[in-house]
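Results of the structural survey
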Amino acid sequence: MIRIEKLLTKFGLTAVRYSENTGGETLQSVDEQLAAVGIVWHDAPVGFLLLMAECNNDRHALTELMHLVFQQSAQLLTDNWREFYPQQAVTALCVTSVAMAMNQQGGHCPECNGTGRVLRHRKTIKCQACEQGGTPWTDETMFAVFCEQLPVTVERFKQYKSYINSLVKWLLAQRTEAILVMDKRIEEEKAEAMKVA
């Protein structure tokens, strides 16, 4: 189960206490707040899982997300791939597309360990291999991540690349939908709270 504190923190949900003399409601409980999130969670579950994994480093959300993306990857290959593909191809598509969707600025730089700074002759300087700790997504960096799961030639990777792009586009659309749904719900909750106050 996704940790309640992380969920409430991510979406800015906090228990609101009104003073007794203002005539407002006493307290919106954690259960009521989770119910508000739960109402909209089903509108974009993949997007919410992506947000939880991306923003809160929630391992359970990442596991669930990988499972859903794995299914989507398998479906894409089954529907469109005319040749034989190994099962590791589905895993490689899944891992690469999730990495790209979660780190849109680029992959983690191995030379500076994501800090953007390196030590050279006892001086700290800007890392020359990345931009602020991330290496931009290029065909080469996508290929490197993909090959961690399924070592293939560059030519073979090019056949998988369009599927990676499709999955990333799908993931980002789901993420955007989750944000819009939650923003709308929060605005509705704020409007209700203003009526009561």
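Computed from a predicted structure; not experimentally measured. (Residues numbered from 1 in each chain as written. Predicted model: local features only at pLDDT ≥ 70, side-chain atom pairs only at ≥ 80, totals over all residues. Heavy atoms only, no water.)

1. Brief notes about the pattern of salt bridges
The full count for this structure, using the stated rule, is four salt bridges. A salt bridge links Glu83 to Arg156, with the nearest nitrogen and oxygen atoms 2.8 Å apart. In this pair, Glu83 is assigned in the loop between α4 (59-80) and α5 (87-102) and Arg156 in helix α7 (residues 154-196), connecting sequence segments 73 residues apart. By relative accessible area, which is 42% here, Glu83 ends up partly exposed. What makes Arg156 partly exposed here is its relative accessible area of 22%. We note a salt bridge from Lys158 to Glu155, for which the minimum N-O separation is 3.4 Å. Of the two residues, Lys158 and Glu155 both sit in helix α7, three residues apart, roughly one turn of that helix. Judged by its relative accessible area of 53%, Glu155 is exposed. (Salt bridge = Lys/Arg side-chain N within 4 Å of Asp/Glu carboxyl O. Helix = DSSP H or I, 4+ residues; strand = E, 2+ residues; numbered from the N terminus. Buried < 20%, exposed > 50% of the residue type's maximum accessible area, 1.4 Å probe, protein only.)

2. Considerations on the confidence of the model for the protein chain
Here the protein chain shows a mean pLDDT of 79. Residues at 70 or above account for 79%. Across residues 14-22, where pLDDT falls below 50, the model places 15 contacts with residues more than four positions away in sequence or in other chains. (pLDDT = per-residue confidence, 0-100. Contact = heavy atoms within 4.5 Å.)

3. Considerations on the nonpolar core
Among the nonpolar cores identified, the biggest contains 22 residues, and Leu77, Leu93, Phe146, Leu150, Tyr160 and Ile164 are the most heavily contacted of them. Looking at this core, the elements with two or more residues in it are α4, α5, α6 (139-149) and α7. If we skip the residues at most four places from it in the chain, Ile164 touches Leu93, Thr96, Ser97, Met100, Met142, Phe146 and Phe157. Among the nonpolar cores identified, the runner-up in size contains 20 residues, and Trp41, Ala53, Cys94 and Met102 belong to it. (Core = buried A, V, L, I, M, F, W, Y, C linked by side-chain atoms within 4.5 Å.)

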